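# Observations on chain architecture
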Amino acid sequence: MSECKASVKMDSFGTNDNVNWEIIFKVSVTHVKYSTGSFEFDVMIVRDDGTTQKLRRREDWLANNQPNVEVKHYIQLNRDESIEEAKIDEKTIKCTSRELEELEKLKKPELKLGEKVPNISEVKAVGAIKSKIERGTPEFKSLVKNNNHDIVFKDEEGTGADRMMTVKLKNKLNILAKKVKAEFPGKKLRVTEAWDENNEHRPKSIHYEGRAADITVSDKDKKKLGRLGQLAMDAGIDWVYYEDSSHIHVSVKK
Ligand SMILES: [Zn+2]
């Protein structure tokens, strides 16, 4: 589970009868807009895994009061309402309890290293292989090529084998590719192995039937794997396994 980069102090500084918490997290203010008596800005929450989420905040700006944001470098606000971009790194922000709820929502579930979903053997989840599929056989004709531009194929064999898979796996990976793109802007789903014709896996591996894939995010960032595993589950993949620190293994039923 990825925590918000936050340390919560329990001293309340309530206004009215609401109890509010002071929460410290890494934020950068990316956009500042001045309007009479108050200003709005976007707060970037930076999570441990490097992903970010924008929150809109509105603060009262009174001549004799500090705003609710402690800044190391004060934001430049021009009276003529022109905007000066300000980028601030480590700040203290006092969150209202409603904002804390929003922060809670920002916590996104992740798989842990070694976790299997569902937590049963792969054979139980997706069924054993009948036999290894060889190129040029009638069984090979049942495999399809995945040419999705939103997926990066490692293809270290140079044979295109990593693109070969069952229709079901192709459909599921395509759903996952969309989720990865939405979750990690500018990044793609990366497939390092799918169908295997070179006996690189253990005997009876589901890879030999084109029903399994090994995946990462295109930037190969290991910190994204836990979240990738969760997205694979969300995509409806039948069995998801955070196999080691360098990849997620997924497989589907026949
Ligand atoms: Zn695998």
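Residues numbered from 1 in each chain as written. Predicted model: local features only at pLDDT ≥ 70, side-chain atom pairs only at ≥ 80, totals over all residues.

Time to look at the nonpolar core. Core analysis: the biggest nonpolar cluster contains 38 residues, and Leu176, Ala213, Ala232, Ile248 and Val250 have the highest contact counts within it. Contributing elements (two or more residues each) for this core: β9 (151-153), β10 (164-165), α4 (167-183), β11 (189-193), β12 (212-217), α5 (225-234), β13 (239-244) and β14 (247-251). Those residues within four positions of Ala213 in sequence are excluded, and the remaining contacts are Met165, Leu169, Leu173, Val191, Glu193, Ala194 and Val250. (Core = buried A, V, L, I, M, F, W, Y, C linked by C-beta atoms within 7 Å. Buried ≥ 20, exposed ≤ 12 C-beta atoms within 10 Å, placed from the backbone. Helix = DSSP H or I, 4+ residues; strand = E, 2+ residues; numbered from the N terminus. Contact = placed C-beta atoms within 7 Å.)

Positionally, Lys223 belongs in the loop between β12 and α5. Counting along the chain gives 23 residues from Lys223 to Ser246, while the straight-line C-alpha distance between them is 9.5 Å.

Its place among the elements puts Ser205 in the loop between β11 and β12. Spatially, the C-alpha atom of Ser205 lies 8.7 Å from that of Lys132, the residues being 73 residues apart in sequence.

Relative to β13, strand β7 (residues 116-117) is paired through 2 bridges, and the arrangement is antiparallel. In the sheet register, Val117 faces β13, and the bridge partner there is Val240. As judged from the 4 bridges shared by β13 and β14, these two strands associate in the antiparallel manner. Bridge pairing in β14 links Val240 to Val250. Connecting β13 to the next strand, β14, in antiparallel fashion are 2 residues. (Pairing = 2+ DSSP bridges.)

Turning our attention to the confidence of the model for the protein. Residues with a pLDDT of 70 or more make up 58% of the protein, whose mean pLDDT is 71. Of the regions scoring below 50 in pLDDT, residues 1-41 engages in 104 contacts with residues more than four places distant in sequence or in other chains. Throughout residues 59-95 the model reports pLDDT below 50, and contacts reaching past four residues in sequence, or to other chains, amount to 58 contacts. (pLDDT = per-residue confidence, 0-100.)

Strands pair in a sheet through their backbones, by hydrogen bonds, and they do so in one of two ways: parallel or antiparallel. An order of β7-β13-β14-β12-β11-β9 is seen for the 6 strands of this open sheet, with the pairing classed as mixed. Each edge of the open sheet is held by one strand with a lone partner, namely β7 and β9. Strands in contact with α4 are β9, β11 and β12; relative to β11, the strand with the most contacts, it is inclined by about 140°. (Axes fitted to C-alpha atoms, helices over the stretch in contact; angles between N-to-C directions.)

The end-to-end C-alpha distance of α4, which contains 17 residues, comes to 24 Å, matching closely the 24 Å that a straight helix rising 1.5 Å per residue would cover. Leu169, Lys170, Lys172, Leu173, Leu176, Ala177 and Val180 are the residues of α4 that are buried. When α4 is viewed along its axis, its buried side chains cluster within an angular range of 165° and face the same direction. Lining the buried residues of α4 we find β8 (144-145), β9, β10, β11, β12 and α5. (Expected span 1.5 Å × (residues − 1). Arc of directions from axis to C-beta.)

That bond from Val117 to Pro118 is cis: its omega, -5°, falls within 30 degrees of zero. Relative to the assigned elements, Pro118 resides in the loop between β7 and α2 (122-126). Its identity as a non-glycine residue notwithstanding, Asp155 has a phi of 45°, on the positive side. Positionally, Asp155 belongs in the loop between β9 and β10. Here the phi dihedral of Lys220 falls at roughly 60°; this positive angle occurs in a residue that is not glycine. Its place among the elements puts Lys220 in the loop between β12 and α5. Assessed through the 15 C-beta atoms surrounding it within 10 Å, Lys220 is described here as partly exposed.

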